[in-house]
Amino acid sequence: MAVIHRTTLKPTKLELLAPWLPTQPWYAGAEGQRPELDRTGGFRLDDPAGEVGIEFMVVTDTSGPEPVSYHVPLTYRGAPLPGAEHALIGTTEHGVLGDRWVYDGAHDPVVAAQLYALLLGEAEPQMQSLSDTPDPSVTARFTGQRDAAGPTVTSVTDAPHGTDITLTTASGSGPLILRVQRVLGPGEESGTEARGEVTADAPRPDGNPARAVFVTALAQP
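Scope of this entry: the structure provided in the associated data block. (Residues numbered from 1 in each chain as written. Predicted model: local features only at pLDDT ≥ 70, side-chain atom pairs only at ≥ 80, totals over all residues. Heavy atoms only, no water.)

1. Notes on the overall build of the chain
Helices and strands together make up the secondary structure of the chain, namely two helices and 13 strands. Within the chain, the fraction of its 221 residues that count as buried is 48%. Nonlocal contacts in the chain, meaning residues at least 24 apart in sequence, comprise 56% of its contacts between residues at least 6 apart. Roughly 10,500 Å² of accessible area belongs to the chain as shown, and the carbon and sulfur atoms make up 52% of that amount. (Helix = DSSP H or I, 4+ residues; strand = E, 2+ residues; numbered from the N terminus. Buried < 20%, exposed > 50% of the residue type's maximum accessible area, 1.4 Å probe, protein only. Contact = heavy atoms within 4.5 Å. Areas by Shrake-Rupley, 256 points an atom, 1.4 Å probe, with all protein chains shown as cover.)

Shown next as structure tokens:
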């Protein structure tokens, strides 16, 4: 289980995200306007190898006329991830662990593997800010065939609708797309074509409780 350290980060996660968010194709804010961010939700998954921190963070930008909530999967590593320079959000100094490389988790293969395990019910979501504490508010369902060998990431595509992680499986059931929803809206549904989804709490900016789809599993057309 991941241990949550009560310590400092320099720069903080929000300080790293503020200049990075406007560079993404799914960013909904005005061009040239710097986001004003608050952390408003999320959860964690454990890396079975115990090497990579995995967090699914919700941040709300209040800089525009209407608040917008974004879903940003993050990974924290003790060394650079080879070949992932394009997904590096920045580096930060952790008060206990030292230098950490922070990545857009949608481009990190550890996140893809653990999302697949979560859909299958083989990974247990954890509270965002508490060590060794399951988060029962996170739910997952999947109606596809399990791939015994595990999936392989073949592509990751960022687009205005979000980020698509394409997985190839050995089961013969065809490629699977994990669509990471980036702009969260309460009450959204995945649609009848979805083979599965991950749903979690995503409180509205006014503080009222709400649910949102964080990830949708789709068969590749």
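2. What about the pairing of strand S12 (residues 194-201)?
A large share of S12 lies buried, amounting to seven of its eight residues. As judged from the four bridges shared by strand S7 (residues 139-142) and S12, these two strands associate in the antiparallel manner. The residue bridging Arg141 from the neighbouring strand is Glu197, located in S12. Inspection of the sheet shows S12 paired to strand S13 (residues 211-219) by seven bridges, in the antiparallel sense. Note on S13: the bridge partner recorded for Gly196 is Ala217. (Pairing = 2+ DSSP bridges.)

3. Let's talk about the sheet that holds strand S10 (residues 176-181)
Taken together, the six strands give an open sheet; going across it, the order is S7-S12-S13-S10-S9-S8, and neighbouring strands pair in antiparallel fashion. Lying at the two open borders of the sheet, with one neighbouring strand each, are S7 and strand S8 (152-159). Between one strand axis and the next, the sheet turns through 15° on average, direction left out of account. (Axes fitted to C-alpha atoms, helices over the stretch in contact; angles between N-to-C directions.)

4. What about the side chain of Gln114?
Among the secondary structure elements, Gln114 is positioned in helix H2 (residues 109-119). When sequence neighbours within four positions are dropped, the list of residues in contact with Gln114 reads Leu45, Asp46, Pro48, Ile54 and Ala123.

5. Focus on unusual backbone geometry
For the peptide bond that leads from Lys10 to Pro11, omega is -5°, which places it in the cis range. In this structure, Pro11 sits in the loop between strand S1 (9-10) and helix H1 (13-20).

6. Things to note about the pairing of strand S4 (residues 68-77)
Put simply, side chains in a regular strand alternate between the two faces of the sheet. Where burial is concerned, most of S4 is hidden: ten out of the ten residues are buried. Where burial is concerned, the two faces of S4 agree: the one with Val68, Tyr70, Val72, Leu74 and Tyr76 and the one with Ser69, His71, Pro73, Thr75 and Arg77 are both buried. In terms of strand pairing, strand S3 (residues 53-61) meets S4 through nine bridges, oriented antiparallel. By the bridge assignment, Phe56 is partnered in S4 with Pro73. With antiparallel pairing between neighbouring strands as the criterion, S3 and S4 make up a hairpin whose turn holds six residues. Sheet topology note: the S4/strand S11 (residues 183-184) ladder contains two bridges and is antiparallel. Bridge pairing in S11 links Tyr70 to Val183. Relative to strand S6 (residues 98-104), S4 runs antiparallel, the two being bridged by four bridges. Note that in S6 the partner of Thr75 across the bridge is Tyr103.

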